[in-house]
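Notes for the structure review
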Amino acid sequence: MGNAWRKAGESLRLFCALAATMTVTSALTLLAVLLMSQTGWAATAIVTVKGVVVAKPKCEVNGGQDIFVNFNELITTKIDGEKYGKRPIPYGVNCSGNTSGAAGLLKVSLQGVGPDFGDGLLRTSNNDLAIKLLQENGQQLRLNGWINFTYPIVPALYAVPVKRSGATLKGMGFSSSATLVVEVQ
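A short tour of the structure in this document, coming up.

**Points about the nonpolar core**
Membership of the largest hydrophobic core comes to 24 residues, with the highest contact counts inside it found for Val108 and Leu157. Those elements that place two or more of their residues in this core are strand E3 (93–96), strand E4 (105–111), strand E6 (129–135), strand E7 (147–150), strand E8 (157–163) and strand E9 (179–184). Discounting chain neighbours no more than four positions away, the residues touching Leu157 are Arg87, Pro88, Ile89, Tyr91, Val108, Leu110, Leu134, Leu141, Ile147 and Leu180.

In structure tokens form, the structure reads like this:
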């Protein structure tokens, strides 16, 4: 039985030595992690954020007055939807406040109701007649679409009558209305 106790004692000493070694190893690992995470091992930088808050400019279209486009008398058979009867839309934009840089980036739109024919046209009181809106370069400005511009240079806009395909227009007066809107981009 003496041998058994001696072997048990040696096993106990070996177990204690292993436990102590594991404890020391864990403590050293923890110490290494703590030392590496100290600020001496990390890079730091100060971040400064600066900016300027700019108020949007206040803009007025056409001095607050209605815009009129008078087509006078048109010959119904000459209405081609391209050039005949083309009239400028006379308007101006006056902005106050800061209009420099991004504050001067504006956009314009003619907003209204379209007819039951054509695409991007403005309805008139004559069901077979509509108005096409054009830019200076002849490209169509679709009704309720937008054109970007930089103040104070406003884009030239035009209106040209368009008849329904296959329709025979009768001589009569017509009218239409839309809202010209200018916004900051």
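**As for the pattern of salt bridges**
Overall, the coordinates contain five salt bridges when judged by the stated rule. Residues Lys107 and Glu183 are paired through a salt bridge, measuring 4.0 Å at the closest nitrogen-oxygen approach. Here Glu183 lies in strand E9 and Lys107 lies in strand E4, a separation of 76 residues in the sequence. As a salt-bridge pair, Asp128 and Arg164 come within 2.8 Å of each other at their nearest N and O atoms. Pair noted here: Asp128 is in the loop between strand E5 (122–123) and E6 and Arg164 is in the loop between E8 and E9, with a separation of 36 residues, a long-range link. Since its relative accessible area comes to 25%, Asp128 is described here as partly exposed.

**Notes on the side chain of Thr124**
For Thr124, the location among the structural elements is in the loop between E5 and E6. Since its relative accessible area comes to 6%, Thr124 is described here as buried. Of note is the side chain of Thr124, whose polar atom sits 3.0 Å from the backbone oxygen of Asn126.

**What to know about the environment of Pro152**
The residue Pro152 is located in the loop between E7 and E8 in this model. Along the backbone, Pro152 and Gly92 are 60 residues apart, and their C-alpha atoms lie at a distance of 9.4 Å.

**What about the state of the cysteines?**
All told, the structure shown has one disulfide when counted by the stated rule. With a sulfur-sulfur separation of 2.0 Å, Cys59 is cross-linked through a disulfide to Cys95. Between Cys59 and Cys95 the sulfur-sulfur dihedral comes to about 105°; the bridge is accordingly right-handed. In this pair, Cys59 is assigned in strand E1 (residues 58–61) and Cys95 in strand E3, connecting sequence segments 36 residues apart.

**Topic: unusual backbone geometry**
Cis peptide bonds are those with omega within 30 degrees of zero, and the linkage from Tyr151 to Pro152 qualifies with 15°. Located in the positive-phi region is Asn62, a residue other than glycine, with phi close to 55°. Here Asn62 shows up in the loop between E1 and strand E2 (87–88). Not every positive phi belongs to a glycine, and Asn72 is a case in point at roughly 55°.

So, how was this worked out
- Residues numbered from 1 in each chain as written.
- Predicted model: local features only at pLDDT ≥ 70, side-chain atom pairs only at ≥ 80, totals over all residues.
- Heavy atoms only, no water.
- Core = buried A, V, L, I, M, F, W, Y, C linked by side-chain atoms within 4.5 Å.
- Buried < 20%, exposed > 50% of the residue type's maximum accessible area, 1.4 Å probe, protein only.
- Helix = DSSP H or I, 4+ residues; strand = E, 2+ residues; numbered from the N terminus.
- Contact = heavy atoms within 4.5 Å.
- Salt bridge = Lys/Arg side-chain N within 4 Å of Asp/Glu carboxyl O.
- Polar contact = N/O pair within 3.5 Å; in protein donor to acceptor, adjacent residues only side chain to side chain.
- Disulfide = S-S within 2.5 Å.

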